[in-house]
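Tertiary structure, described
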2 protein chains.
Amino acid sequence: MTASVRVCFFRWKWIVYPLSSIFEEFAIKIIKTVKEIQTRSEMLRKEGRVISFVPTMGFLHEGHLALLREGRRLGDDLILSIFVNPTQFGPGEDYESYPRDFEKDFELARKEGVDVVFTPTKDELYGDRFQTHVALESLTKHLCGLSRPSHFKGVATVVAKLFNIVKPHIAVFGQKDFQQLAIIRQMVSDLDFDIEIKGVQTVREKDGLAMSSRNAGLAPEQRKTALCLYSSLVKSRERIQEGEKNASALIQEMKVYIISRFETEIDYISICDPDTLDDVDKIERPVLIALAVKVGKTRLIDNMIISP
Amino acid sequence: MTASVRVCFFRWKWIVYPLSSIFEEFAIKIIKTVKEIQTRSEMLRKEGRVISFVPTMGFLHEGHLALLREGRRLGDDLILSIFVNPTQFGPGEDYESYPRDFEKDFELARKEGVDVVFTPTKDELYGDRFQTHVALESLTKHLCGLSRPSHFKGVATVVAKLFNIVKPHIAVFGQKDFQQLAIIRQMVSDLDFDIEIKGVQTVREKDGLAMSSRNAGLAPEQRKTALCLYSSLVKSRERIQEGEKNASALIQEMKVYIISRFETEIDYISICDPDTLDDVDKIERPVLIALAVKVGKTRLIDNMIISP
């Protein structure tokens, strides 16, 4: 009896083990603790494998997938983090209502060849006595930094943490969040992180609307209205290429164009230096035009680098 | 002719090469650039070697040597940094006059078995557009943080940079700078640096004065006076062990004791919780007594953990 049970057991293993390893091949690894991912990355680095990293707040769309593809292309091991970071939301902002769909995210990540998804809890990243922050002085005093004064302190801090946790060689960010990308690059340079930062072009819907998790919050009419961010940028590009050099005049035209739409509220429109984000008066070199507009309750951003 | 020159050349190499490698054995490696030390550390980590790190501002004394010995004991490869960090000195503080003696430091480091000394220039660490800082909220609002408001922001930032540059497994700090050690530990925990922080007991002169590079600035009479920091701590320890529980009463006694000395000026005397640095009223658990006193123009600090 004992013998036959044992035989049966071994036979069972012969079937289950190979099957489970096939499933593992297709399954994506989910890691929730700092210690586990640090240990794993340390091991990979020792083996000489290049780790690429895409930090996100989840609710993945085509824009994120473009980042993942770039990460996949550049690294041997691709890590995606999904963490809706509370410290980058100001009071009254949309932290609670920020869209989340982990299951769908895991499935999309798997299809893009992500090796590991790091999804820590809030408590895993912010202990009781948490009190350290990373802040930048001048780059944050522009664009979104003005209406969201603590936003980039939250972003820089969580990204510094994630860099120390994930230990990547390369990290990939979208150019849609242009100021965020500039801040991350500056932080990496200032704090001497030995990490290469790659920026990826904004991915747009067919009509030009920049992909964003927040687009999910737009009602059908608002979705149409939202296009005014992109079309105002395109119009400005035409005007600059026709020879317009006066930044204030262009900003005024964009304001009029956007504010005439139903349910829009402009946070800012800025024409600035792409490196320092300082305002530009006369357009004689490539400039960044960036804007943030609320459509209903949904705050949207977009930007374009335009050469005269 | 050509042949004999060639033979001569090879013979020369046979003599010079082994000799130079013997010298290298005894020479200490000085590295000045971020890139070089990052590349070296990355290679060592790949080889599985444990890197220990002692960051200093140089002008090494027995206190630093104790840190180096601990670093030597704990790591396979010991890196010392010497950098008088301008951003941790406030206006009117002693940045310019801070004592420096690189040659002597290199010699001491060599004797302690240091593998590499990292001595960057100011420009190597702080580029033109430098604008990022690391700051802590509550631990810095005590002790030295009150009279030196930007000091720990400078310390935390440069240590974060050095950690990213040197990439150590272990970093060693002295308990003489107790608040600094507490802040580094908190920063490491909050920003998820995968680095073990070791604290080393204060090394004292025979009479009890805590070793400090700043002691070099004391005139002979001031040197005698300086002992009052340590002796006031010893007296307080006795009083606590006799049963004194009233922190304010003890602080008052220390004040009277110190201020009666010639040329002393008290910055602070604090009895506080060793973890949070919050003031303690009634001494019922181990407390930290910490003080900062100016003797002439030289600002000295000392501290002791005392159990009731």
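Residues numbered from 1 in each chain as written. Chains lettered and ligands numbered in written order. Predicted model: local features only at pLDDT ≥ 70, side-chain atom pairs only at ≥ 80, totals over all residues.

A short note on the relation of the copies chain B and chain A
Definition in use: The copies were overlaid by least squares, fitting only the C-alpha atoms of residues that reach a pLDDT of 70 or more in each copy. Here, residue contact means that the backbone-derived C-beta atoms of the two residues sit within 7 Å.
Of the transformation placing chain B onto chain A, the axial shift is 0.0 Å and the rotation is 180°, giving an RMSD of 0.0 Å. Between the two chains, the operation in question is that of a two-fold axis. Residue by residue, 96% of the interface of chain B is reproduced at the interface of chain A, so both copies engage with the same surface.

Description of the sheet that holds strand E7 (residues 196–200) of chain A
Residues and elements named next belong to chain A. So the rule is basically this: Strands pair, by our definition, only if DSSP identifies at least two bridges between them. Helix and strand labels come from DSSP, where a helix needs a run of H or I of at least four residues and a strand needs a run of E of at least two; each type is numbered from the N terminus. The axes used here are C-alpha line fits, helices contributing only the stretch in contact, and every angle between their N-to-C directions lies in the interval 0 to 180 degrees.
Ordered in space as E1-E4-E3-E2-E6-E7, the six strands form an open sheet in which the pairing is parallel. Of all the strands in the sheet, just strand E1 (29–31) and E7 have a single pairing partner and so form its edges. On average, adjacent strands in this sheet sit at an angle of 25° to one another, irrespective of strand direction. Note: E1 against strand E4 (residues 116–118), three bridges, orientation parallel. Bridge pairing links Lys29 to Val116 in E4.

Some remarks on the interface of chain B and chain A
Interface extent is often summarised as the accessible area lost during association of the parts. Cut-off, in case you're wondering: Following the grouping adopted for this structure description, the nonpolar residues are Ala, Val, Leu, Ile, Met, Phe, Trp, Tyr, Cys and Pro, the charged ones are Asp, Glu, Lys and Arg, and the polar ones are all others, Gly among them.
In this assembly, 27 residues from chain B lie in contact with 27 residues from chain A. Every element with two or more residues in the side of chain B that touches chain A is listed here: helix H2 (34–46), strand E5 (132–136), helix H7 (151–166) and helix H8 (178–190) of chain B. Broken down by element, the residue count for the side of chain B that touches chain A peaks at five residues, all from E5(B). Its residues assigned to classes, the side of chain B that touches chain A shows 11 nonpolar, nine polar and seven charged.

As for the sheet that holds strand E10 (residues 298–306) of chain B
All names here are of chain B. In spatial order, the strands read E8-E9-E10; together these three strands make up an open sheet with antiparallel pairing. Because the sheet does not close on itself, it has two edges, and the strands there are strand E8 (264–272) and E10. Between one strand axis and the next, the sheet turns through 10° on average, direction left out of account. Relative to strand E9 (residues 287–295), E8 runs antiparallel, the two being bridged by eight bridges. Paired with Ile266 across the two strands is Val293, which belongs to E9. Sitting on the sheet, helix H10 (residues 247–259) is in contact with E8 and E9, with an inclination near 160° to E8.

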